[in-house]
2 protein chains.
Amino acid sequence: MKEKTLQQETVFAGKLLHVRRDQVELENGHKSEREFCMHPGGVGILPLTDDGQVLLVEQFRYPYGCELLEIPAGKLERGEEPLVCGIRELKEETGCTAREMIPLGCIYPTPGYVDEKLYLYLARGLTRGEASPDEDEFLNLVQMPLETLLQRIMSDEIHDAKTVVSALKTARLLKEEHHG
Amino acid sequence: MKEKTLQQETVFAGKLLHVRRDQVELENGHKSEREFCMHPGGVGILPLTDDGQVLLVEQFRYPYGCELLEIPAGKLERGEEPLVCGIRELKEETGCTAREMIPLGCIYPTPGYVDEKLYLYLARGLTRGEASPDEDEFLNLVQMPLETLLQRIMSDEIHDAKTVVSALKTARLLKEEHHG
(Lines give C-alpha, C1' and ligand atoms only; values in the text may rest on other atoms or scores of the structure.)
Protein backbone atom coordinates (compact mmCIF):
# COMPACT_ATOMS: atom_id res chain seq x y z
CA MET A 1 0.00 0.00 0.00
CA LYS A 2 1.34 3.40 -1.01
CA GLU A 3 -0.44 5.36 1.73
CA LYS A 4 -0.10 4.10 5.27
CA THR A 5 -3.01 4.51 7.66
CA LEU A 6 -1.86 6.11 10.91
CA GLN A 7 -5.25 6.62 12.51
CA GLN A 8 -8.90 6.01 11.63
CA GLU A 9 -11.72 8.20 12.81
CA THR A 10 -15.46 7.98 12.08
CA VAL A 11 -16.65 11.58 11.90
CA PHE A 12 -20.27 10.86 10.97
CA ALA A 13 -22.30 7.67 11.29
CA GLY A 14 -25.73 8.26 9.77
CA LYS A 15 -28.45 5.93 8.56
CA LEU A 16 -27.04 5.89 5.04
CA LEU A 17 -23.60 7.50 5.17
CA HIS A 18 -20.63 6.59 7.23
CA VAL A 19 -17.91 9.24 6.91
CA ARG A 20 -14.28 8.68 7.87
CA ARG A 21 -11.33 11.02 8.35
CA ASP A 22 -8.09 9.06 8.49
CA GLN A 23 -4.57 10.28 9.20
CA VAL A 24 -2.18 8.86 6.59
CA GLU A 25 1.47 8.87 5.69
CA LEU A 26 2.14 9.62 2.01
CA GLU A 27 4.85 8.16 -0.23
CA ASN A 28 7.13 11.10 0.57
CA GLY A 29 6.73 10.65 4.32
CA HIS A 30 4.45 13.67 4.68
CA LYS A 31 1.39 13.35 6.89
CA SER A 32 -2.02 14.06 5.40
CA GLU A 33 -5.72 13.43 5.95
CA ARG A 34 -8.17 11.43 3.86
CA GLU A 35 -11.88 12.15 4.16
CA PHE A 36 -14.24 9.71 2.48
CA CYS A 37 -17.69 8.12 2.57
CA MET A 38 -18.11 4.42 3.17
CA HIS A 39 -20.94 2.78 1.26
CA PRO A 40 -22.18 -0.85 1.24
CA GLY A 41 -21.99 -1.02 -2.57
CA GLY A 42 -24.78 -1.01 -5.11
CA VAL A 43 -26.22 -2.59 -8.22
CA GLY A 44 -27.70 -1.02 -11.36
CA ILE A 45 -29.71 -2.96 -13.95
CA LEU A 46 -30.46 -1.92 -17.53
CA PRO A 47 -33.68 -3.80 -18.46
CA LEU A 48 -33.92 -4.24 -22.24
CA THR A 49 -37.16 -5.60 -23.73
CA ASP A 50 -37.18 -7.97 -26.70
CA ASP A 51 -38.21 -5.06 -28.93
CA GLY A 52 -35.32 -2.82 -27.86
CA GLN A 53 -36.97 -0.66 -25.19
CA VAL A 54 -35.09 0.31 -22.01
CA LEU A 55 -37.06 0.60 -18.76
CA LEU A 56 -35.99 3.58 -16.68
CA VAL A 57 -37.12 5.04 -13.39
CA GLU A 58 -37.61 8.75 -12.85
CA GLN A 59 -37.27 9.93 -9.28
CA PHE A 60 -36.61 13.03 -7.25
CA ARG A 61 -32.97 13.24 -6.19
CA TYR A 62 -32.61 15.48 -3.20
CA PRO A 63 -28.91 16.41 -3.65
CA TYR A 64 -29.70 17.87 -7.09
CA GLY A 65 -33.17 19.17 -6.22
CA CYS A 66 -34.75 17.67 -9.35
CA GLU A 67 -35.98 14.49 -10.97
CA LEU A 68 -33.49 12.29 -12.79
CA LEU A 69 -33.90 9.45 -15.26
CA GLU A 70 -31.90 6.42 -14.18
CA ILE A 71 -31.75 2.68 -14.63
CA PRO A 72 -33.26 0.72 -11.70
CA ALA A 73 -30.73 0.36 -8.90
CA GLY A 74 -30.32 -0.28 -5.22
CA LYS A 75 -27.92 -0.84 -2.36
CA LEU A 76 -26.42 -4.18 -1.44
CA GLU A 77 -27.73 -5.61 1.79
CA ARG A 78 -25.16 -7.00 4.19
CA GLY A 79 -23.44 -10.02 2.62
CA GLU A 80 -25.71 -9.95 -0.43
CA GLU A 81 -24.37 -11.07 -3.82
CA PRO A 82 -24.60 -8.33 -6.49
CA LEU A 83 -26.57 -10.62 -8.82
CA VAL A 84 -29.14 -11.41 -6.11
CA CYS A 85 -29.47 -7.70 -5.33
CA GLY A 86 -29.90 -6.91 -9.03
CA ILE A 87 -32.70 -9.47 -9.44
CA ARG A 88 -34.42 -8.11 -6.31
CA GLU A 89 -34.17 -4.44 -7.28
CA LEU A 90 -35.28 -5.10 -10.85
CA LYS A 91 -38.39 -6.84 -9.52
CA GLU A 92 -39.14 -4.20 -6.87
CA GLU A 93 -38.71 -1.16 -9.09
CA THR A 94 -40.07 -2.40 -12.43
CA GLY A 95 -41.99 -5.61 -11.61
CA CYS A 96 -39.85 -7.49 -14.16
CA THR A 97 -38.06 -10.77 -13.95
CA ALA A 98 -35.25 -11.50 -16.42
CA ARG A 99 -34.21 -14.70 -18.18
CA GLU A 100 -30.66 -13.33 -18.57
CA MET A 101 -28.60 -11.03 -16.31
CA ILE A 102 -25.43 -10.17 -18.25
CA PRO A 103 -22.65 -8.53 -16.20
CA LEU A 104 -21.62 -5.09 -17.50
CA GLY A 105 -18.74 -4.71 -15.05
CA CYS A 106 -18.25 -2.68 -11.92
CA ILE A 107 -17.76 1.08 -11.69
CA TYR A 108 -16.26 3.28 -8.99
CA PRO A 109 -18.44 6.42 -9.08
CA THR A 110 -16.04 8.94 -7.58
CA PRO A 111 -12.88 7.27 -6.27
CA GLY A 112 -11.39 10.32 -4.56
CA TYR A 113 -13.85 10.37 -1.67
CA VAL A 114 -16.27 7.40 -1.87
CA ASP A 115 -15.54 3.66 -1.63
CA GLU A 116 -18.69 2.43 -3.40
CA LYS A 117 -18.46 -0.43 -5.88
CA LEU A 118 -21.41 -0.32 -8.25
CA TYR A 119 -22.12 -3.53 -10.18
CA LEU A 120 -23.96 -3.23 -13.49
CA TYR A 121 -26.11 -5.75 -15.37
CA LEU A 122 -27.98 -5.93 -18.62
CA ALA A 123 -31.31 -7.72 -18.03
CA ARG A 124 -32.88 -9.46 -21.03
CA GLY A 125 -35.71 -11.90 -21.67
CA LEU A 126 -38.02 -9.83 -19.46
CA THR A 127 -41.36 -10.93 -18.06
CA ARG A 128 -43.49 -8.05 -16.82
CA GLY A 129 -45.19 -8.02 -13.43
CA GLU A 130 -46.28 -5.66 -10.71
CA ALA A 131 -43.69 -3.22 -9.27
CA SER A 132 -43.47 -3.02 -5.48
CA PRO A 133 -41.39 0.00 -4.46
CA ASP A 134 -40.86 0.81 -0.79
CA GLU A 135 -43.62 2.86 0.83
CA ASP A 136 -41.57 6.07 0.77
CA GLU A 137 -40.08 5.52 -2.69
CA PHE A 138 -41.73 7.43 -5.56
CA LEU A 139 -40.75 6.16 -8.97
CA ASN A 140 -42.21 6.80 -12.40
CA LEU A 141 -41.48 4.08 -14.91
CA VAL A 142 -40.35 5.50 -18.26
CA GLN A 143 -39.74 3.43 -21.37
CA MET A 144 -37.67 4.48 -24.37
CA PRO A 145 -35.85 2.80 -27.25
CA LEU A 146 -32.16 2.13 -26.54
CA GLU A 147 -31.29 4.27 -29.57
CA THR A 148 -33.20 7.23 -28.10
CA LEU A 149 -31.46 6.78 -24.75
CA LEU A 150 -28.07 6.76 -26.50
CA GLN A 151 -28.93 9.94 -28.41
CA ARG A 152 -30.03 11.64 -25.19
CA ILE A 153 -26.78 10.54 -23.52
CA MET A 154 -24.66 11.94 -26.35
CA SER A 155 -26.62 15.22 -26.30
CA ASP A 156 -26.01 15.54 -22.53
CA GLU A 157 -29.65 15.16 -21.42
CA ILE A 158 -28.97 12.08 -19.23
CA HIS A 159 -26.47 12.62 -16.43
CA ASP A 160 -26.59 9.66 -14.06
CA ALA A 161 -23.23 7.88 -14.38
CA LYS A 162 -24.47 4.29 -13.96
CA THR A 163 -27.15 4.87 -16.61
CA VAL A 164 -24.66 6.39 -19.07
CA VAL A 165 -22.12 3.58 -18.56
CA SER A 166 -24.72 0.79 -18.78
CA ALA A 167 -26.29 2.13 -21.96
CA LEU A 168 -22.97 2.75 -23.73
CA LYS A 169 -21.61 -0.68 -22.72
CA THR A 170 -24.84 -2.36 -23.81
CA ALA A 171 -24.61 -0.69 -27.22
CA ARG A 172 -21.06 -2.03 -27.71
CA LEU A 173 -22.05 -5.48 -26.47
CA LEU A 174 -25.00 -5.73 -28.88
CA LYS A 175 -22.78 -4.58 -31.74
CA GLU A 176 -20.21 -7.27 -30.86
CA GLU A 177 -22.97 -9.91 -30.72
CA HIS A 178 -24.29 -8.72 -34.06
CA HIS A 179 -20.85 -8.88 -35.70
CA GLY A 180 -19.65 -11.93 -33.75
CA MET B 1 -39.89 20.49 -5.82
CA LYS B 2 -41.21 17.07 -4.87
CA GLU B 3 -39.42 16.91 -1.51
CA LYS B 4 -39.74 19.90 0.77
CA THR B 5 -36.81 20.84 3.01
CA LEU B 6 -37.96 21.26 6.61
CA GLN B 7 -34.55 21.68 8.21
CA GLN B 8 -30.90 21.72 7.12
CA GLU B 9 -28.05 20.50 9.27
CA THR B 10 -24.33 20.29 8.52
CA VAL B 11 -23.13 17.17 10.31
CA PHE B 12 -19.52 17.26 9.11
CA ALA B 13 -17.48 20.11 7.65
CA GLY B 14 -14.07 18.78 6.66
CA LYS B 15 -11.35 20.09 4.37
CA LEU B 16 -12.80 18.22 1.36
CA LEU B 17 -16.22 16.93 2.37
CA HIS B 18 -19.18 18.83 3.63
CA VAL B 19 -21.91 16.44 4.83
CA ARG B 20 -25.53 17.44 5.33
CA ARG B 21 -28.47 15.74 7.02
CA ASP B 22 -31.72 17.46 6.11
CA GLN B 23 -35.24 16.82 7.38
CA VAL B 24 -37.64 16.61 4.44
CA GLU B 25 -41.31 16.11 3.73
CA LEU B 26 -41.99 13.49 1.05
CA GLU B 27 -44.72 13.51 -1.62
CA ASN B 28 -47.00 11.48 0.65
CA GLY B 29 -46.57 13.91 3.57
CA HIS B 30 -44.28 11.53 5.49
CA LYS B 31 -41.21 12.99 7.15
CA SER B 32 -37.80 11.59 6.26
CA GLU B 33 -34.08 12.41 6.35
CA ARG B 34 -31.67 12.96 3.49
CA GLU B 35 -27.95 12.50 4.11
CA PHE B 36 -25.61 13.66 1.36
CA CYS B 37 -22.16 15.05 0.57
CA MET B 38 -21.74 18.48 -0.92
CA HIS B 39 -18.93 18.83 -3.44
CA PRO B 40 -17.69 21.87 -5.43
CA GLY B 41 -17.91 19.96 -8.73
CA GLY B 42 -15.15 18.56 -10.88
CA VAL B 43 -13.74 18.21 -14.36
CA GLY B 44 -12.27 15.20 -16.17
CA ILE B 45 -10.29 15.44 -19.41
CA LEU B 46 -9.56 12.63 -21.88
CA PRO B 47 -6.36 13.70 -23.68
CA LEU B 48 -6.14 12.02 -27.10
CA THR B 49 -2.93 12.36 -29.12
CA ASP B 50 -2.92 12.74 -32.91
CA ASP B 51 -1.89 9.10 -33.23
CA GLY B 52 -4.78 7.79 -31.09
CA GLN B 53 -3.12 7.41 -27.69
CA VAL B 54 -4.95 8.30 -24.47
CA LEU B 55 -2.96 9.82 -21.60
CA LEU B 56 -4.02 8.44 -18.22
CA VAL B 57 -2.86 8.98 -14.67
CA GLU B 58 -2.34 6.14 -12.21
CA GLN B 59 -2.66 7.07 -8.58
CA PHE B 60 -3.30 5.54 -5.19
CA ARG B 61 -6.93 5.96 -4.15
CA TYR B 62 -7.26 5.68 -0.43
CA PRO B 63 -10.97 4.67 -0.27
CA TYR B 64 -10.19 1.57 -2.39
CA GLY B 65 -6.70 0.95 -0.99
CA CYS B 66 -5.17 0.52 -4.44
CA GLU B 67 -3.96 2.34 -7.53
CA LEU B 68 -6.45 3.21 -10.23
CA LEU B 69 -6.07 4.27 -13.84
CA GLU B 70 -8.07 7.41 -14.57
CA ILE B 71 -8.23 10.31 -16.95
CA PRO B 72 -6.72 13.53 -15.56
CA ALA B 73 -9.22 15.35 -13.36
CA GLY B 74 -9.61 17.87 -10.61
CA LYS B 75 -11.99 19.89 -8.50
CA LEU B 76 -13.49 23.21 -9.50
CA GLU B 77 -12.16 26.17 -7.57
CA ARG B 78 -14.72 28.64 -6.30
CA GLY B 79 -16.45 30.35 -9.23
CA GLU B 80 -14.21 28.63 -11.79
CA GLU B 81 -15.59 27.73 -15.22
CA PRO B 82 -15.35 23.99 -15.99
CA LEU B 83 -13.41 24.65 -19.21
CA VAL B 84 -10.81 26.77 -17.38
CA CYS B 85 -10.46 24.08 -14.71
CA GLY B 86 -10.07 21.41 -17.40
CA ILE B 87 -7.28 23.33 -19.16
CA ARG B 88 -5.53 23.87 -15.80
CA GLU B 89 -5.78 20.27 -14.62
CA LEU B 90 -4.69 18.88 -18.00
CA LYS B 91 -1.58 21.07 -17.84
CA GLU B 92 -0.82 20.28 -14.17
CA GLU B 93 -1.25 16.52 -14.42
CA THR B 94 0.09 15.77 -17.90
CA GLY B 95 2.00 18.90 -18.95
CA CYS B 96 -0.15 19.11 -22.10
CA THR B 97 -1.95 22.01 -23.69
CA ALA B 98 -4.77 21.27 -26.15
CA ARG B 99 -5.85 23.02 -29.35
CA GLU B 100 -9.40 21.67 -28.90
CA MET B 101 -11.44 20.95 -25.76
CA ILE B 102 -14.60 19.19 -26.89
CA PRO B 103 -17.38 18.92 -24.26
CA LEU B 104 -18.40 15.33 -23.48
CA GLY B 105 -21.27 16.32 -21.20
CA CYS B 106 -21.73 16.31 -17.47
CA ILE B 107 -22.21 13.27 -15.24
CA TYR B 108 -23.68 12.87 -11.77
CA PRO B 109 -21.48 10.19 -10.16
CA THR B 110 -23.87 8.87 -7.52
CA PRO B 111 -27.03 10.98 -7.30
CA GLY B 112 -28.49 9.35 -4.20
CA TYR B 113 -26.01 10.88 -1.77
CA VAL B 114 -23.59 13.25 -3.55
CA ASP B 115 -24.35 16.52 -5.37
CA GLU B 116 -21.21 16.60 -7.54
CA LYS B 117 -21.47 17.67 -11.17
CA LEU B 118 -18.53 16.30 -13.13
CA TYR B 119 -17.85 17.98 -16.49
CA LEU B 120 -16.02 15.93 -19.13
CA TYR B 121 -13.91 17.02 -22.09
CA LEU B 122 -12.05 15.41 -24.94
CA ALA B 123 -8.72 17.22 -25.42
CA ARG B 124 -7.17 17.07 -28.91
CA GLY B 125 -4.36 18.77 -30.77
CA LEU B 126 -2.03 18.23 -27.83
CA THR B 127 1.31 19.91 -27.26
CA ARG B 128 3.46 18.15 -24.67
CA GLY B 129 5.18 19.94 -21.82
CA GLU B 130 6.28 19.42 -18.25
CA ALA B 131 3.72 18.15 -15.70
CA SER B 132 3.52 20.04 -12.40
CA PRO B 133 1.46 18.04 -9.90
CA ASP B 134 0.95 19.33 -6.37
CA GLU B 135 3.73 18.49 -3.92
CA ASP B 136 1.70 15.74 -2.23
CA GLU B 137 0.18 14.34 -5.43
CA PHE B 138 1.82 11.19 -6.81
CA LEU B 139 0.82 10.41 -10.37
CA ASN B 140 2.25 8.02 -12.93
CA LEU B 141 1.49 8.96 -16.50
CA VAL B 142 0.33 5.97 -18.54
CA GLN B 143 -0.30 6.03 -22.28
CA MET B 144 -2.37 3.53 -24.22
CA PRO B 145 -4.24 3.37 -27.54
CA LEU B 146 -7.92 4.34 -27.27
CA GLU B 147 -8.80 0.90 -28.67
CA THR B 148 -6.88 -0.81 -25.84
CA LEU B 149 -8.59 1.38 -23.26
CA LEU B 150 -12.00 0.47 -24.73
CA GLN B 151 -11.14 -3.23 -24.62
CA ARG B 152 -10.02 -2.92 -20.99
CA ILE B 153 -13.24 -1.10 -20.16
CA MET B 154 -15.38 -3.80 -21.77
CA SER B 155 -13.41 -6.54 -19.97
CA ASP B 156 -13.99 -4.78 -16.61
CA GLU B 157 -10.36 -3.85 -15.92
CA ILE B 158 -11.02 -0.09 -15.75
CA HIS B 159 -13.50 0.98 -13.06
CA ASP B 160 -13.37 4.74 -12.67
CA ALA B 161 -16.75 6.08 -13.88
CA LYS B 162 -15.50 9.33 -15.46
CA THR B 163 -12.85 7.41 -17.40
CA VAL B 164 -15.34 4.81 -18.64
CA VAL B 165 -17.89 7.45 -19.70
CA SER B 166 -15.30 9.68 -21.42
CA ALA B 167 -13.75 6.83 -23.39
CA LEU B 168 -17.08 5.35 -24.53
CA LYS B 169 -18.45 8.78 -25.51
CA THR B 170 -15.21 9.61 -27.35
CA ALA B 171 -15.46 6.37 -29.34
CA ARG B 172 -19.03 7.24 -30.45
CA LEU B 173 -18.03 10.81 -31.27
CA LEU B 174 -15.10 9.71 -33.45
CA LYS B 175 -17.35 7.23 -35.23
CA GLU B 176 -19.90 9.97 -35.91
CA GLU B 177 -17.14 12.26 -37.24
CA HIS B 178 -15.86 9.45 -39.42
CA HIS B 179 -19.31 8.71 -40.87
CA GLY B 180 -20.53 12.32 -40.87
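Numbers given to residues run from 1 along each chain, matching the order in which its sequence is written. Ligands are numbered from 1 and chains lettered from A, in the order in which they are written. Selection of residues for local features in this predicted model requires a pLDDT of at least 70, selection of side-chain atom pairs for listing and counting requires 80 or more, and totals for whole chains, interfaces and linings are taken over all residues. Computation of side-chain values: all heavy atoms of the structure, hydrogens and water removed.

(A) Up close: the interface of chain A and chain B. Residue-level contacts link 69 residues of chain A with 69 residues of chain B. Note on chain A versus chain B: buried area summed over both sides is about 6,300 Å², and carbon and sulfur give 65% of it. Together, Y62(A), Y64(A) and Y113(A) form the three largest contributors to the area buried by chain A at its contact with chain B, with a combined 13%. One side-chain nitrogen of Lys or Arg within 4 Å of one carboxyl oxygen of Asp or Glu is enough to make a salt bridge. Remark: the boundary between chain A and chain B carries 4 salt bridges. Salt-bridge contacts for K2(B) lead to E67(A); the nearest nitrogen and oxygen are separated by 2.8 Å. Between N or O atoms, a polar contact is any pair within 3.5 Å; within protein, one atom must be a potential hydrogen donor and the other a potential acceptor, and residues adjacent in sequence are included only when both atoms are from side chains. Between the two partners, chain A and chain B, sit 32 residue pairs in polar contact (both at pLDDT 80 or more). Helix and strand assignments follow DSSP, with helices taken as H or I runs no shorter than four residues and strands as E runs no shorter than two, numbered in order from the N terminus. Elements supplying a minimum of two residues to the side of chain A that touches chain B: β2 (10–13), β3 (18–25), β4 (31–38), β6 (53–61), β7 (66–70), β9 (97–107), α2 (146–154) and α3 (161–179) of chain A. Think of it as three bins: nonpolar holds Ala, Val, Leu, Ile, Met, Phe, Trp, Tyr, Cys and Pro, charged holds Asp, Glu, Lys and Arg, and polar takes everything else, Gly as well. Taken together, the residues that form the side of chain A that touches chain B break down as 33 nonpolar, 10 polar and 26 charged. Contacts are assigned to residue pairs with any non-hydrogen atoms lying within 4.5 Å of each other. The buried area of a pairing is the accessible area, by a 1.4 Å probe, that goes missing from both parts when the two are put together, added over both.

(B) Structural detail: the relation of the copies chain A and chain B. The copies are overlaid by a least-squares fit using only the C-alpha atoms of residues whose pLDDT is at least 70 in both copies. Taken as rigid bodies, chain A and chain B are interconverted by a rotation of 180° and an axial shift of 0.0 Å, the fit giving an RMSD of 0.0 Å. The superposition of one copy onto the other is thereby described by a two-fold rotation axis. In terms of proximity to the rotation axis, the leading residue of chain A is P109(A), whose C-alpha is 2.5 Å off the axis. Here 100% of the contact residues of chain A are again contact residues in chain B; the copies associate through an equivalent surface.

(C) The arrangement of the packing of α2(A) against α3(A) in detail. Residue and element names in this part refer to chain A. Angles shown run from 0 to 180 degrees and are taken between the N-to-C directions of axes, each axis being a line fitted to C-alpha atoms and, for helices, limited to the stretch in contact. Interhelical geometry of α2 versus α3 gives an angle of 125° and a closest axis separation of 10 Å. With respect to α3, the axis of α2 lies oblique. The element α2 and its partner α3 pack so that their crossing is left-handed. Contacts from L146, L149, L150 and I153 of α2 reach α3 at T163, V164, A167, L168, T170, A171 and L174. Of the residues that constitute the contact of α2 with α3, the class distribution is 9 nonpolar, 2 polar and no charged. Convention used here: angles under 35 degrees read as roughly parallel, angles over 145 as roughly antiparallel, angles from 65 to 115 as roughly perpendicular, and any remaining angle as oblique. Two helices that cross are described as forming a left-handed crossing if the nearer one is turned anticlockwise from the farther one by less than a right angle, and a right-handed crossing if clockwise.

(D) A look at the nonpolar core. What we call a nonpolar core is a set of buried Ala, Val, Leu, Ile, Met, Phe, Trp, Tyr and Cys residues that are connected through their side-chain atoms within 4.5 Å. Burial classes follow relative accessibility: with a 1.4 Å probe on protein chains only, a residue under 20% of its type's maximum area counts as buried, one over 50% as exposed, and anything between as partly exposed. By size, the foremost hydrophobic cluster in this structure holds 49 residues, and its most contacted members are L149(A) and L149(B). Residue contributions to this core peak at 7 residues, all from α3(A). Look past the residues within four positions of L149(B) in its chain and what remains in contact with it is V54(B), L56(B), M144(B), I158(B) and A167(B). One finds V11(B), L17(B), Y113(B) and V114(B) within the second-largest nonpolar core, a separate group that totals 13 residues.

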